[in-house]
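Here is how the chains run, residue by residue.
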Amino acid sequence: MTNKQPSLLKRFLGWMNDDESTLDRELTQRLSTPSEESLRELSPEEFDAREAREEKQREDLYLAEQEQFNRIHNWATHKGVAVLNWVYRGLALLVCSFIILFLLRTAVALPPFGAEDNPYNNEVSQRYIESGIQETGAINFVAGMILDYRAFDTFGESTVLFVAACSVIMLLKLGDHSAEHPSAAMLEAEFDDRHHEPKNDEVLQLAAKVLVPVILLFGFYIVLNGHLSPGGGFSGGAVMGAGLMLYLNAFGFEKTSRFFTYKLSRWISYLALMTYAGLKSYSFFTGANHLASGIPLGIPGAILSSGLILPLNVCVGLIVMCTMYTFYSLFRKGGM
Amino acid sequence: MNLFTVIVLGFLVICAIATSISKNLLVSVVIFMAYSVLMSIVWMFLQSPDLAITEAAVGAGVTSILFFITLKKIHAIRGNEEEDAHDK
């Protein structure tokens with residue numbers, strides 16, 4: 001070997017690119033140059049003897065391997081499973097007890113519930129309680145916090161929800177169900193859904209007829225009163241979505257698509273998201289530059305008050321309602 | 001902590017254990033629903049009605065419905081299987 005071996009990284013890259021010059025030179029040389037013995041001329045007896053010797057060697061090797069394999073195989077089938085089971089159980093027990101101990105240790109180290117000098121009793125929550133109403137105009141502190149003081153966090157949370165909805169649609173959507181030429185998977189899903197759909201259940205239909213308007217109205221009330229009473233966009237939207245699901249369950253896709261189609265829900269989602277992003281960008285821009293936003297806060301307690309919180313709540317509620325309903329129909333037959 | 005709180009918290013623990021050890025998946029989901037309802041009552045005790053409403057709507061309502069559809073899709077609800085066998 002006169003020239004040095006190239007570095008490991010170079011050889012790896014060469015191997016990746018099928019470059020033969022960087023292969024292991026020693027090995028290539030040994031494989032390509034014939035050994036001295038094979039070069040020598042052999043008499044037939046010698047040749048036979050060597051063949052027999054090699055044959056014997058191969059047989060011995062084969063038998064030894066077979067025996068070893070049998071030993072391992074027998075051990076694995078008879079004892080190995082049990083041993084592995086014990087190891088698995090022991091490890092599981094160990095890990096579980098470690099986690100339990102760790103969590104208990106953390107729980108013990110927590111400050112007592114509701115104590116006065118707990119870390120959460122600091123100037124931040126004091127500020128929220130003392131001047132929250134003047135600064136946000138919302139009587140419901142929670143709405144003031146999540147849609148005003150900490151709106152940036154809420155924006156991130158909505159992004160997470162949006163990404164989750166996108167991945168569900170990517171995984172479960174089968175295509176446009178209103179198209180003229182549906183695919184085989186869509187037809188199968190359609191048949192499966194028809195097959196399992198409640199067959200005009202009168203009890204369910206009567207209950208839905210009575211309950212759906214009330215549920216939708218209650219959801220809308222929660223959304224509109226988000227800045228005045230407990231609730232807000234997310235919970236109200238979830239209630240409205242549940243109402244739509246009940247209607248769909250009782251009356252089927254055909255009747256529901258008279259007033260709520262995939263296209264409509266998509267447009268509502270787009271517009272609500274864009275409105276949310278626009279409003280929030282405006283308030284981030286003015287807030288970061290210490291400008292007056294010019295949005296009247298109104299009288300706390302009135303329905304038209306608290307600045308941007310009411311429209312933001314409506315946007316969030318509409319998005320959540322559409323998302324819930326879309327999730328439901330996607331789970332059921334991969335489209336609307 | 002009054003008696004009612006103790007009872008609700010006790011049922012919460014029972015529901016949590018029963019969800020994980022019940023053999024039937026449908027029963028598991030129904031117990032999980034009960035767990036969510038109890039949890040929303042606990043949120044009321046902890047003075048967070050916002051979370052209570054969300055827990056009741058999402059935890060007990062929407063999540064369970066999605067679980068039900070999934071169980072139906074994988075034919076884990078026994079009534080469906082019998083119906084299918086009858087149809088065939």
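Residues numbered from 1 in each chain as written. Chains lettered and ligands numbered in written order. Predicted model: local features only at pLDDT ≥ 70, side-chain atom pairs only at ≥ 80, totals over all residues. Heavy atoms only, no water.

## What to know about the packing of helix H7 (residues 151-172) of chain A against helix H12 (residues 309-333) of chain A
All names here are of chain A. Contact geometry for H7 and H12: axes closest at 10 Å, N-to-C directions at 20°. Classed by the angle they form, the pair H7 and H12 counts as roughly parallel. The handedness of the crossing between H7 and H12 comes out as left-handed. The segment H7 lies against H12, with Ala164, Ala165, Val168, Ile169 and Leu172 engaging Thr323, Phe327, Leu330 and Phe331. Looking at side-chain class alone, the contact of H7 with H12 contains 8 nonpolar, 1 polar and no charged residues. (Axes fitted to C-alpha atoms, helices over the stretch in contact; angles between N-to-C directions. Helix = DSSP H or I, 4+ residues; strand = E, 2+ residues; numbered from the N terminus. Parallel < 35°, antiparallel > 145°, perpendicular 65-115°, else oblique. Left-handed = near helix turned anticlockwise from the far one by under 90°. Contact = heavy atoms within 4.5 Å. Nonpolar A, V, L, I, M, F, W, Y, C, P; charged D, E, K, R; others polar.)

## Quick word on the confidence of the model for chain A
On average, residues of chain A carry a pLDDT of 81, and 88% of them reach 70 or more. Considering each helix and strand of chain A separately, the mean pLDDT is smallest for helix H3 (residues 36-39) of chain A, with a value of 59, and largest for helix H9 (residues 202-224) of chain A, with 91. (pLDDT = per-residue confidence, 0-100.)

## Some thoughts on the environment of B:Ala18
Assignment of secondary structure puts B:Ala18 in helix H1 (residues 3-21). It is 9.8 Å that separates the C-alpha atoms of B:Ala18 and B:Tyr35, two residues lying 17 residues apart in sequence.

## Structural notes on helix H5 (residues 123-136) of chain A
All names here are of chain A. Remark: the principal bend of H5, roughly 55°, maps to glutamate 130. Of the positions making up H5, those classed as buried are Tyr128, Ser131, Gly132 and Thr136. The inward-facing, buried residues of H5 contact helix H6 (141-149) and H12. A positive phi of about 80° marks glycine 137, the residue just after H5. (Bend = angle between axes of the 7 residues up to and from the residue. Buried < 20%, exposed > 50% of the residue type's maximum accessible area, 1.4 Å probe, protein only.)

## Remarks on the packing of aromatic side chains
Two aromatic rings are characterised by how far apart their centres lie and by the angle between their planes. Residue and element names in this part refer to chain A. Under the definition given, this model contains 10 aromatic pairs over all chains. With 4.6 Å between their ring centres and 40° between their planes, tyrosine 128 and tyrosine 149 make a pair best called tilted. Taken as a pair, tyrosine 128 in helix H5 and tyrosine 149 in helix H6 lie far apart in primary sequence, 21 residues in all. The class for tyrosine 128 is buried, based on a relative accessible area of 12%. For tyrosine 149, a relative accessible area of 28% puts it in the partly exposed group. Seen in terms of ring centroids, tyrosine 247 and phenylalanine 259 are 5.3 Å apart; in terms of plane orientation they differ by 70°. Their pairing is edge-to-face. With tyrosine 247 in helix H10 (residues 233-256) and phenylalanine 259 in the loop between H10 and helix H11 (262-288), this pair connects stretches of sequence that are 12 residues apart. The rings of Tyr247, Phe251 and Phe259 are connected pair by pair, giving a single aromatic cluster. (Phe/Tyr/Trp six-rings, centres within 6.5 Å; stacked < 30°, edge-to-face > 60°.)

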